[in-house]
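# Chains, contacts and geometry: an overview
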Amino acid sequence: MTAEIRGRPPDGTVGFLHVDMDAFYAAVEIRRRPELRGKPVVVGGTGSRGVVAAASYEARVFGIHSAMPSVRARRLCPQAVFLPGDHSHYGEVSERVMAVLADVTPLVEPLSLDEAFLDVRGAARLLGPAPELAVRIRGRILEQEQLACSVGAASTKFMAKLATERAKPRVGPSGVVRGSGVHVVEAGTELDFLHPLPATALFGVGPATSRRLRRLGVETVGDLASMPETSLAAALGTAAGRQLHRLANGIDDRPVVVDRLPKSISHEETFARDLRSHAALEAEAARMGDAVARRLRESGLVARTVVLKVRFGDFETITRSTTLPDPTDSAREVVAAARGLLAGVDVAPGVRLLGVGASGLVENSARQLSLTGGDRAHDAAQRVTDQIRDRFGASSIGPAAAVRGERGLRSPLDPDQRWGPDAVDPQSG
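None of these values were measured; they are calculated from a predicted model. (Residues numbered from 1 in each chain as written. Predicted model: local features only at pLDDT ≥ 70, side-chain atom pairs only at ≥ 80, totals over all residues. Heavy atoms only, no water.)

Residue position: Ala154 is located in strand β8 (residues 149-154). Considering only alpha carbons, one finds Ala154 and Phe16, 138 residues apart in sequence, at a separation of 5.5 Å. The contact partners of Ala154, leaving out residues within four places of it in the chain, are Thr13, Val14, Gly15, Phe16, Met159, Ala160 and Val185. (Helix = DSSP H or I, 4+ residues; strand = E, 2+ residues; numbered from the N terminus. Contact = heavy atoms within 4.5 Å.)

Structure, rendered in structure tokens:
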């Protein structure tokens, strides 16, 4: 069983680092294609329904950003180079980057493939103070991976993340402005750094909350800090008001948490054309459910709940979920649950996006076996299937329900379509 390691609570010293890779996906692609250096590069779905996963800083000059529809990005910068995403490769690079961080301290909390918190207070006694470690980490990643990152150092996780934003490259009127690479918020100067920032710099202040705060006369973090907590609670709710009041006053006692279990594992795809056939969608659900189950097994997890996500052509989105009798990592059970949920959805209007997910995750433990031994046989078959895929590729074997006519078996474990289709699928309909 994986043990959860927690760092010590903040003690007022600069001992937390936040490491964030700069334009990670785009930078990895440029490293593979050096001739693209200095050009606007966009990574994501390249088709008409694709979305931007990452943009180089040269592309951001034109207003392109992640989650933007690829069609709009092309209009903003027709000369940009558009590349399909390669998530498996980004994962491999991420593992090496995280290994660099783990060489400094075991207290590493990954937030995504390209971002992590570190508690380096213990490591500082042997390796040097946090600012020096930040410079060392940045240099080693650049030397080993030829990739740039930005690092923030501060006395809390929250402040370290804000410091990273100050260290990053930015887009100015004359183009890309290089960042400092490392920014340190010295102990005792936190409020001087924090209070001039816009209130939107705080976690949890999105567009809706920002509008409410502006109606209260709040523009900056300092404005927010000066408000009574009771007033914020009345305007935003008790929990949100209390949390924002604490952050605005520089209070963040969250430790670095290692080996945090994911809340969910999911796979979703946008189709090149809307699907209106239950049969076609069942095949897609089988592929996705099979992939989700394999990721559960690879992570040593089982799921209590299966979730289906459906987005229609008009962008209306619904989710359906079912709780399983026992936690599972079985493709058969995940697929059956997903297809059962799909059976209750009217797909006649046309489905633009389908997703299958697993939530309520816990670490794997021995499951109750049936008296016939069928579960034991199924588990053995899954192990063999995983071994075949490891040796011959993701599309070498899979559920018969995922076979789509002449296209044969297409697995989402192959280079995936998570940022939208790259070309029109003639079989869609």
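On the surface, Arg211, Arg212, Arg214 and Arg215 cluster together into a patch of positive charge. The topology assignment puts Arg211 in helix α9 (residues 207-215). According to the relative accessible area criterion, Arg211 is partly exposed, its value standing at 43%. (Patch = residues over 30% accessible without salt bridge, like charges linked within 9 Å, V, L, I, M, F, W, Y side chains within 5 Å. Areas by Shrake-Rupley, 256 points an atom, 1.4 Å probe, with all protein chains shown as cover. Salt bridge = Lys/Arg side-chain N within 4 Å of Asp/Glu carboxyl O. Lys, Arg positive; Asp, Glu negative; His and termini not counted. Charge placed at Lys NZ, Arg CZ, Asp CG, Glu CD. Buried < 20%, exposed > 50% of the residue type's maximum accessible area, 1.4 Å probe, protein only.)

Judged by how many residues are buried, strand β7 (residues 115-119) sits mostly within the fold: five of five residues are covered. Of the two faces of β7, the one holding Glu115, Phe117 and Asp119 and the one holding Ala116 and Leu118 are both buried throughout. In this structure, strand β2 (residues 16-21) lies alongside β7, joined through five bridges in antiparallel fashion. When the bridges of β7 are listed, Leu17 appears paired with Leu118. Sheet analysis places strand β6 (residues 108-112) next to β7, joined by four bridges and oriented antiparallel. Within the sheet, the bridge partner assigned to Pro110 lies in β7 and is Ala116. Between β6 and β7, which follow one another and run antiparallel, lie two residues. (Pairing = 2+ DSSP bridges.)

Its 18 residues give helix α4 (residues 87-104) an end-to-end C-alpha distance of 26 Å, which sits within 8% of 26 Å, the value for a rise of 1.5 Å per residue. When α4 is considered as a whole, its buried residues turn out to be His89, Tyr90, Gly91, Val93, Ser94, Val97, Met98, Val100, Leu101 and Val104. (Expected span 1.5 Å × (residues − 1).)

Moving on: α9. Residues of α9 that are buried: Thr209, Ser210 and Leu213. Each buried residue of α9 sits inside an arc of 100° when the element is viewed along its axis, so together they form one side. Counted as exposed and oriented over 90 degrees from the buried face of α9: Pro207 and Arg215. Buried residues in α9 make contact with α10 (221-226), α11 (229-236) and α12 (238-248). Remark: Gly217 follows α9 within two positions and exhibits a positive phi of approximately 85°. (Arc of directions from axis to C-beta.)

A side chain of one charge can pair with a side chain of the opposite charge when the charged atoms of the two come close. The tally for this structure, following the rule as stated, stands at 19 salt bridges. We note a salt bridge from Asp22 to Lys168, for which the minimum N-O separation is 2.7 Å. Separated by 146 residues along the polypeptide, Asp22 in the loop between β2 and α1 (24-32) and Lys168 in the loop between α7 (157-167) and β9 (170-172) bring together distant segments of the chain. Here the two residues Asp22 and Lys168 agree in accessibility, since each one is buried.

Right, let's talk about the sheet that holds β7 for a bit. Taken together, five strands build an open sheet; the order of strands is β6-β7-β2-β8-β11 and the sheet is mixed. Each of the sheet's edge strands pairs with one partner strand only, and the pair in question is β6 and β11 (182-184). Pairs of neighbouring strands in the sheet enclose a mean axial angle of 15°, with direction left out of account. (Axes fitted to C-alpha atoms, helices over the stretch in contact; angles between N-to-C directions.)

As for its position among the elements, Arg287 is in helix α13 (residues 278-299). What makes Arg287 buried here is its relative accessible area of 3%. Engagement of the side chain of Arg287 in a polar contact is seen with the side chain of Glu269, the distance being 3.1 Å. (Polar contact = N/O pair within 3.5 Å; in protein donor to acceptor, adjacent residues only side chain to side chain.)

The next point concerns unusual backbone geometry. Residues apart from glycine generally show negative phi values, whereas peptide bonds are mostly found in trans. Not every positive phi belongs to a glycine, and Ala67 is a case in point at roughly 75°. You can see Ala67 is positioned in the loop between α2 (57-60) and α3 (70-76). You can call Ala67 exposed: its relative accessible area is 61%.

Attention now goes to a nonpolar patch on the surface. On the surface, a nonpolar cluster with roughly 340 Å² of combined accessible area is contributed by Val61, Phe62, Leu76, Val171 and Val176. The residue Phe62 is located in the loop between α2 and α3 in this model. Given a relative accessible area of 34%, Phe62 falls into the partly exposed group.

Looking now at the sheet that holds strand β14 (residues 301-312). Strand order across the open sheet formed by four strands is β13-β16-β14-β15, with antiparallel pairing between neighbours. The two strands at the open ends of the sheet, each matched to only one other strand, are β13 (264-275) and β15 (317-328). With direction set aside, neighbouring strand axes in the sheet form an average angle of 15°. Sheet analysis places β14 next to strand β16 (residues 351-363), joined by eleven bridges and oriented antiparallel. Bridge pairing links Val302 to Val362 in β16. Together, β13, β14, β15 and β16 form the strand contacts of α13, whose direction differs from that of β13 by roughly 155°. Contacting β14, β15 and β16, helix α14 (residues 331-343) runs over the sheet at an angle of about 30° to β14.

This part is about the packing of aromatic side chains. The geometry of an aromatic ring pair is captured by two quantities: the separation of the ring centres and the angle between the planes. Tallied over the full model, the rule gives four aromatic pairs. Ring centres of Tyr25 and Tyr90 lie 4.4 Å apart, and the angle between their planes is 15°; on these two criteria the pair is classed as stacked. Placement of Tyr25 in helix α1 and of Tyr90 in helix α4 is noted, with a sequence separation of 65 residues between them. Counting every residue linked through ring pairs, the aromatic cluster contains Phe24, Tyr25 and Tyr90. Between Arg60 and the ring centre of Tyr57, over which it is positioned, the NZ or CZ distance is 4.3 Å. The ring of Phe82 carries the charged tip of Arg74 above its face, separated from the ring centre by 4.1 Å. (Phe/Tyr/Trp six-rings, centres within 6.5 Å; stacked < 30°, edge-to-face > 60°. Lys NZ or Arg CZ within 6 Å of the ring centre and 35° of its normal.)

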